Amino acid sequence: MLRLSLTTFREHRRLFAGAIVAVALGVALLQSSLLVMAAIADAKIPPGLSGQARERLRDSYAGAATLLGMTVLLAAFLALFIVSSTFAFTVAQRRRQLALLRLAGGSRPQLLGLLLSEALLLGTAGTATGVLAGVPATWAQSWSLVALGFLPGGFSPHLDGGIMLGSACTGLVVALLGVLAAARRAAAVRPLEALRDTGRAARVMTVSRWFFGTSSLAVTVWMVWVGQASEVLGAIVIALGVSVIGAVALSLLSPLAVPLASRLLGPVLRSSTLGELAQANLRDAVRRSASTAAPLIVLVALVLGLTGTLDSLAAMVGEEQRRIVAGDLVADSTGAVAARIAQVPGVAVASVQSTVPISVTGRHRRAGRTYRRTLYSGIVAVDPSSYRRTHRPAPRAGSLDRLHGRTIAVAPGQSEEGWRLGGTVTARVGGQRMRLRIVALLPPTLENGADNFLVPRELIPAAVAARAPAQTVIQVAPGTDPAAVAGRLRAAGVGTVRTPARWADDRAAAEERANMAIFAVLMGLGGLYAAVAVVNAVVIAGAERTAEFAVARVTGLSRSQVVRMALIEASAVTAIGLALGGLVAAGALAGIGAAGVRAVGVPLIAVPWTPLLLLVPGAFLITGATSVWSTLSATRRQPVTLVTARE
Amino acid sequence: MMVEQTRPGEMIRLAVELRGVTREYGPGQARVRALDGVHLGFPAGSWTAVMGPSGSGKSTLLHCAAGLEKVSGGRVLLLGRDITSAPDGVLTVLRRRTVGFIFQSFNLIGSLSAEQNVALPLRLAGSRVSRKDVRDVLAAVGLGDRLAHRPRELSGGQQQRVAIARAMVTRPEVLFADEPTGALDSTSARTVLGLMRGLVDAGGQTIVMVTHDPAAAASADAVVFLSDGRVVDRLVRPSVGAVADRLARLEG
Ligand SMILES: Nc1ncnc2c1ncn2[C@@H]1O[C@H](COP(=O)(O)OP(=O)(O)OP(=O)(O)O)[C@@H](O)[C@H]1O
Ligand SMILES: [Mg+2]
């Protein structure tokens, strides 16, 4: 059986190339991610760092580890997805050959064995490539994590035999798991099918496909509906859910959705004979068009849905900040410079907020348990009365009026962490420890990394406050032109001065950049896999159509006409895949829009233009180029030799 | 040799026996009755041709007799054993040792060489494959010098001879053939028919062959004629002229 599978493997090597690449990519990514994660786990925090720097380093290690964890999961899932769809496709295509084996006396277990040994060969080839490619991938990955700011410079992972062995085994397991469903279907092939072209070979929508497709579609529709009435955070969770489950639903139902969508393209396609032929092919070869469209649907839905959701959230953060801050100007400077702002003519109120290097330790309750925790970042010294005049929301408990002496207020960043009014925390200011009483709880905001605590300015030694970075919200005197005051402030050299609107927009943009850094890695990865899957589907389809193309040429089509026909088909399928993916993303963002109306009064939907402008031409380029290449190579031989060839 | 309507007490040993076999396709209104109460026996060690107009049920009869297709009514006996509702495992074993197939499309595995194609049923059955046996069989069909060729590198007649060699190597007791000469020129067809004659005379094997060609049918020991799924006529030790005559009457 192994010898037979070796022969069939060699015969179908082009069909398996995509799956080999997918396994190799998966193994390489798994290995490099695990190596980098192991290095992070071993990494020592260098001695002599300040508390703030240590917290920042620890946060960035945790962020990198989370990102790598997601990378590993995504890589394993996508490798499994591609291997299983490749095998499903080749089994469908080789039904006749498998039926012939049954006719010659092959039993069901033998067919199962044949496919499993093919998967083993494929897995071995992919794994070997992946383990080798994983070594440079490790360096590339840690370099890009450093470049994106997730890891400190000078970070370097080292190779580990155990991890490499583990990744190799995972590669083989993925290949074998991927083939299981297809192998079961192959074993159900009846010997009579060798003599006929009809029968179950024509069936694409299997029972399980129907079941999982329609049920995830129902869940998606339900979520879009619920999303219309939920709060911002709920809407975000729902939007992410809609993107993922909707993508799965439409890709499972793509054998139904793609022909339906191709009917809409009908008027465009029917304008030429080749286009008409291409449309007929689209409707007829459902399996082929569906397996090209499915990875595109998944990619577009995920990328547009996820980035659209996060960018919309960033836009809402900007809008919210604009509403919170009641001022005419916002200035960024050091504490020492900020102290001069109030003296500038035309300034009525100047609320200086300095981010100070102190630590706060205390017990807080979460999910019924109490934790002791020390925070170093987001601790801001304020003057309570001017802070109150320049920030609209009132505390949800307590009052900022009482923020005097040994007291502290819980700011939006810690608002939902279970701190209690009247409780005490220990602050470390310079070398001194003091107990502070919690006198106010501010309401939460949408912002990620908002301030954690407010302390009264008088607690902070003047020298410390002078060195700390400060942000000052300014109200100008009635009847004064803010622009003139801004000019005067700039002339006085008090750092950057912006209008609150500008400042809020910059804040949204910064939030968006932080999202992009994470998503650049994951989306790049997803895009790579989608490209492999699409190229794979187009190549397999091209190889499968050798005889069909030969017949078309014998009928009178020139080689270039055949190539153009296939290109039209590939482009139409690409357009359909992109449109269906866009539909899912639109469903995901609909809820965000509704939540935006409720939260900030306007439907803030950020259309993710950058990924969109990369995806659309990229998809057409990849499918088009692959289609032309595979059609050319499928039509290389003289058509007559193919028309007469018989299995 | 005779093809007999089976009666109780029949003495001739039958390799394949159909008892009131009916086969219907399609649901409700679109129902087609491809076989309609066929009683037929194929004596062991004989060669029977099945003829009839297109769509008369010849291929269906062959598939049902070989256990490739389940019947809608009646019983099928292969070498005295009822295979009407035999499970897949039993049928697989039968295909390995007892029955063989030759078809109009040659049904060779494209990725395997002629030699590998011939050895395939033995390898699937897990028996030791003697290269000598395989080569002898291929030499016997005149392909001793084409062992390493893939099917696409062989002519139609040569591909069909490989298929026959594959059916010869396992020495199946019953060989089912559906238009084995349908795609061949008359010289290749004569070679193939000669080889089949050898299987029956020298090997004592049983052949059931569907054909449209009176000359091919005349090589057989007997001919049965089908029309609309029923056995309507039969001929023993047929001549080309007599077969063509009956056929013309049926189709006319
Ligand atoms: N799988 C099927 N589904 C539905 N009808 C079928 C099927 N197979 C055969 N038939 C019908 O059964 C009848 C007999 O078909 P069969 O293939 O046995 O004819 P045949 O005698 O072999 O014809 P030919 O000489 O053209 O090969 C035909 O009317 C055909 O349409
Ligand atoms: Mg037929």
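Cut-off values and rules
- Residues numbered from 1 in each chain as written.
- Chains lettered and ligands numbered in written order.
- Predicted model: local features only at pLDDT ≥ 70, side-chain atom pairs only at ≥ 80, totals over all residues.
- Heavy atoms only, no water.
- Pairing = 2+ DSSP bridges.
- Helix = DSSP H or I, 4+ residues; strand = E, 2+ residues; numbered from the N terminus.
- Axes fitted to C-alpha atoms, helices over the stretch in contact; angles between N-to-C directions.
- Contact = heavy atoms within 4.5 Å.
- Near = heavy atom within 4 Å.
- Polar contact = N/O pair within 3.5 Å; in protein donor to acceptor, adjacent residues only side chain to side chain.
- Areas by Shrake-Rupley, 256 points an atom, 1.4 Å probe, with all protein chains shown as cover.
- Core = buried A, V, L, I, M, F, W, Y, C linked by side-chain atoms within 4.5 Å.
- Buried < 20%, exposed > 50% of the residue type's maximum accessible area, 1.4 Å probe, protein only.
- Domains from an automatic or database assignment.
- pLDDT = per-residue confidence, 0-100.
- Buried area = accessible area lost by both parts, 1.4 Å probe.
- Salt bridge = Lys/Arg side-chain N within 4 Å of Asp/Glu carboxyl O.

A. Examining the sheet that holds strand 8 (residues 206-210) of chain B more closely. Residue and element names in this part refer to chain B. Read across the sheet, six strands follow the order 6-7-8-3-9-10 without closing on themselves; strand pairing throughout is mixed. Each edge of the open sheet is held by one strand with a lone partner, namely strand 6 (99-103) and strand 10 (230-236). Across this sheet, the average inter-strand angle for adjacent strands is 20 degrees, counted without regard to direction. With four bridges connecting them, strand 3 (residues 47-51) and strand 9 (residues 222-227) associate as parallel partners. Directly across from A49, in strand 9, lies its bridge partner V223. Sitting on the sheet, helix 5 (residues 156-169) is in contact with strand 6 and strand 7 (174-178), with an inclination near 175 degrees to strand 6.

B. Just the sheet that holds strand 5 (residues 81-82) of chain B, in detail. Residue and element names in this part refer to chain B. Taking strand neighbours across the sheet as the criterion, the four strands line up as 2-1-4-5 in an open arrangement whose pairing is antiparallel. In the strand order of this sheet, the two ends are held by strand 2 (32-43) and strand 5, each with one partner. In this structure, strand 4 (residues 73-78) lies alongside strand 5, joined through two bridges in antiparallel fashion. Residue pairing across strands places L77 opposite D82, the latter belonging to strand 5. In the packing of helix 1 (residues 58-65) onto the sheet, the strands contacted are strand 1 (14-25), strand 2 and strand 4, and the crossing angle to strand 2 comes to about 60 degrees.

C. Focus on the site of ligand 1. Taken together, 14 residues lie near ligand 1, and S54, G55, K58, S59 and T60 of chain B sit nearest. Positioned at a junction of chains, ligand 1 has nearby residues supplied by chains A and B. A distance of 2.7 Å separates an oxygen atom of ligand 1 from a polar atom in the side chain of K58 of chain B. Contact with the protein chains covers 65% of the free accessible surface of ligand 1, which is 630 Å². Looking at the shell around ligand 1, the elements with two or more residues in it are strand 2 and helix 1 of chain B.

D. Highlighting the nonpolar core. All names here are of chain B. W47, L138, V162, M196, M209 and V223 are the most contacted members of the largest nonpolar core, which totals 43 residues. The residue makeup of this core includes at least three contributed by each of domain 1 (1-98 + 174-252) and domain 2 (106-171). If sequence neighbours within four positions are ignored, L138 has contacts with A114, E115, V118, L143, G144, L147, V162 and A165. Membership of the second largest hydrophobic core comes to 33 residues, among which are L18, F42, A66 and V208.

E. The confidence of the model for chain A, seen in detail. Residues and elements named next belong to chain A. With 95% of its residues at a pLDDT of 70 or more, chain A has an overall mean of 81. Considering each helix and strand of chain A separately, the mean pLDDT is smallest for helix 20 (residues 639-643), with a value of 55, and largest for strand 7 (residues 407-410), with 91. With pLDDT under 50 throughout, residues 197-201 is counted as low confidence; its partners more than four residues away or in other chains account for six contacts.

F. Spatial organisation of the interface of chain A and chain B. Facing the 27 residues of chain A at the interface are 27 residues of chain B. Here chain A meets chain B over a buried area of about 2,500 Å², counting both sides, of which 55% is carbon and sulfur. One can count two salt bridges joining chain A with chain B. Taken together, the links from chain A to chain B amount to six residue pairs in polar contact (both at pLDDT 80 or more).

G. Layout of the side chain of S333 of chain A. You can see S333 of chain A is positioned in strand 1 (residues 329-334). Aside from chain neighbours lying at most four places away, what touches S333 of chain A is A338, A468, P469, A470 and V494 of chain A.

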